[in-house]
Amino acid sequence: MVLPATATPQVAGVQRVLIVSYDGMRPDAIALAPMPNLLGLIDQGAYTLTNAQTIDYPATLPSHASMLSGLCMDKTGIYLDKYFAYMGYSQGVDIFDLAHAAGMRTVMVVGKSKLRQLAEPETTDVFEIDYGEKAISKAVVELIPSGFDLMFVHFAGPDLRGHKYGWMSDAYLKVMRDGDVALGEILQALDDNGLRAGTLILVTADHGGHDKSHIGTTIEDFRIPWILSGPGILHKELTSTIGTVDTAASAAYALGLPLQADWDGIPVYEAFGRPIIKKHDSPPCR
Ligand SMILES: [Zn+2]
């Protein structure tokens, strides 16, 4: 594997990428909550609330490892939904490896400590754990003025409320509204620092859920939102079959980082208005 010394932007106008993951957020809950800031991104972007799925083990740590690495679970080696230091970090070349090797500033702000296992500390210039939607947005808003090239933000609330009160419960929808307020604060900070126009924003989730779990017995456990908004992105509902592994590939493509031959994910070219070079006939990693 050869890592690049520099990156050439592949998509005109994209200067940085922000990936936001709402843990356990079902796509059909977005309008019900409602989440006006996220609905605004959907309105301005390319999205699907029906055609995207996570991997065959719809759990937080394995799913996020695949989201950020473009690899199915057999290649990340993240089989367990708990951080065990002896297992090491997610294997393979992930989007943080590529961005950091290209000299980009990389930032992760997460709501669960086990997400440390997603990327080696040396590839994240900033890594913060904060608890609660408000604390996450406060941290991100404070970091934005220093700039970033790749940022991953993780809100834990929907999953925590889902397990306690049930997916689609009032408490679940309420924390999604809190997460949407947090998103609004982050968007405002991008605006205030003159960074919004050059930022590609990708909003997704690691899994859905039903009743009080996401064990993988119903499609609602696997289905995730996939929303892309920013420079070079068409305004349309996507028809592509998307897997969470396509998140890393799409981010790499937008940043001009080399797509890796062993990745299971591919860029969602449809969102960029490019011809579909290769497509999944069924969700990858299922
Ligand atoms: Zn989760």
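Shown above is the structure to which this text applies.
Predicted model only: the values in this text are computed from it and were never measured.

Calculation criteria
Residues numbered from 1 in each chain as written. Predicted model: local features only at pLDDT ≥ 70, side-chain atom pairs only at ≥ 80, totals over all residues. Heavy atoms only, no water. Donors = N, O, S within 2.8 Å, 3.2 Å for Na, K, Ca; no water. Tetrahedral: all angles 85-135°; square planar, octahedral: opposite > 155°, others 65-115°. Buried < 20%, exposed > 50% of the residue type's maximum accessible area, 1.4 Å probe, protein only. Disulfide = S-S within 2.5 Å. Helix = DSSP H or I, 4+ residues; strand = E, 2+ residues; numbered from the N terminus. Patch = residues over 30% accessible without salt bridge, like charges linked within 9 Å, V, L, I, M, F, W, Y side chains within 5 Å. Areas by Shrake-Rupley, 256 points an atom, 1.4 Å probe, with all protein chains shown as cover. Salt bridge = Lys/Arg side-chain N within 4 Å of Asp/Glu carboxyl O. Phe/Tyr/Trp six-rings, centres within 6.5 Å; stacked < 30°, edge-to-face > 60°. Lys NZ or Arg CZ within 6 Å of the ring centre and 35° of its normal. Pairing = 2+ DSSP bridges. 1 Å grid on protein atoms, 1.4 Å probe; cavity = no way out; pocket = protein on both sides within 12 Å on 5 of 7 lines; lining within 4 Å. Points joined across faces, edges and corners; volume = space filled by probe spheres on them. Nonpolar A, V, L, I, M, F, W, Y, C, P; charged D, E, K, R; others polar.

Undergrad: Explain the coordination of the zinc ion to me, and be specific about the residues and the numbers.
TA: At 2.0 to 2.1 Å from the zinc ion lie its protein donor atoms, namely Asp-23 (OD), Thr-60 (OG1), Asp-206 (OD) and His-207 (NE2). Seen from the zinc ion, its 4 donor atoms lie at angles of 94 to 123 degrees, and the figure they make is tetrahedral. Sequence spacing of the donor residues for the zinc ion, all on one chain, is D-x36-T-x145-D-H. With respect to class, Asp-206 is no different from His-207; both count as buried.

Undergrad: I'd like a description of the state of the cysteines, backed by residues and values.
TA: Here the structure, examined in full by the defined rule, presents 1 disulfide. The disulfide bridge from Cys-72 ends at Cys-285, spanning 2.0 Å between sulfur atoms. Classification of the bridge connecting Cys-72 and Cys-285 rests on its S-S torsion, roughly -80 degrees, and on that basis the disulfide is left-handed. Of the two residues, Cys-72 sits in the loop between α2 (60-69) and α3 (73-76) while Cys-285 sits in the segment after α9 (245-255), which places them 213 residues apart along the sequence. Each member of the pair Cys-72 and Cys-285 is classed as buried.

Undergrad: Explain a nonpolar patch on the surface to me, using residue names and the numbers behind them.
TA: Taken together, the side chains of Tyr-79, Leu-80 and Tyr-86 define a hydrophobic patch exposed on the protein surface, amounting to about 360 Å² of accessible area. Its location among the elements puts Tyr-86 in the loop between α3 and α4 (95-101). Assessed through its relative accessible area of 68%, Tyr-86 is described here as exposed.

Undergrad: Could you give an account of the packing of aromatic side chains, naming the residues involved and the relevant values?
TA: As enumerated under the stated definition, the model contains 5 aromatic pairs in all. A ring pair is formed by Trp-167 and Tyr-172, whose centres lie 6.0 Å apart and whose planes are at 45 degrees; its orientation type is tilted. Trp-167 sits in the buried class, given a relative accessible area of 7%. An aromatic cluster is defined as three or more aromatic residues linked by ring pairs; in this entry it consists of Tyr-253, Tyr-269 and Phe-272. Note that Arg-116 overlies the ring of Phe-127, its terminal NZ or CZ placed 3.9 Å from the centroid. Taking the ring centre of Phe-222 as reference, the NZ or CZ of Arg-286 above it sits at 3.6 Å.

Undergrad: Can you break down the pairing of strand β4 (residues 106-110) residue by residue, with the values?
TA: Among the 5 residues of β4, 5 are classified as buried, and the element is accordingly described as predominantly covered. By the alternation rule, side chains of β4 split into Thr-106, Met-108 and Val-110 and Val-107 and Val-109, which are all buried. Bridge count between β4 and strand β6 (residues 150-155): 4 bridges; the pairing is parallel. Bridge assignment links Val-107 to a residue of β6, and that residue is Met-151. Taken together, the 4 bridges between β4 and strand β5 (residues 126-129) define a ladder with parallel strand orientation. Paired with Val-107 across the two strands is Val-126, which belongs to β5.

Undergrad: Please give an account of the pattern of salt bridges that cites residues and values.
TA: Between side chains of opposite charge, a pair can form as their charged atoms come close. According to the stated counting rule, one finds 9 salt bridges in the structure shown. Residues Asp-28 and Arg-26 are paired through a salt bridge, measuring 2.7 Å at the closest nitrogen-oxygen approach. You can call Asp-28 partly exposed: its relative accessible area is 41%. Residue Arg-26 is classed as buried on the basis of its relative accessible area, which comes to 11%. Between Lys-174 and Asp-178 there is a salt bridge; the shortest N-O distance is 2.9 Å. Placement of the pair is Lys-174 and Asp-178 together in helix α7 (residues 170-192), with a separation of 4 residues, close to one helical turn. Judged by its relative accessible area of 37%, Lys-174 falls in the partly exposed class.

Undergrad: Lay out empty space enclosed by the protein in plain terms, naming residues and giving numbers.
TA: Empty space among the atoms can be located by rolling a probe the size of a water molecule over them. Applying the stated criterion across every chain, the model contains 1 cavity of 30 Å³ or more. Lining the largest cavity are 13 residues; nearest its centre among them are Ser-240, Ile-266, Pro-267, Lys-278 and Lys-279. Of the residues assigned to the lining of the largest cavity, the class counts are 6 nonpolar, 3 polar and 4 charged.

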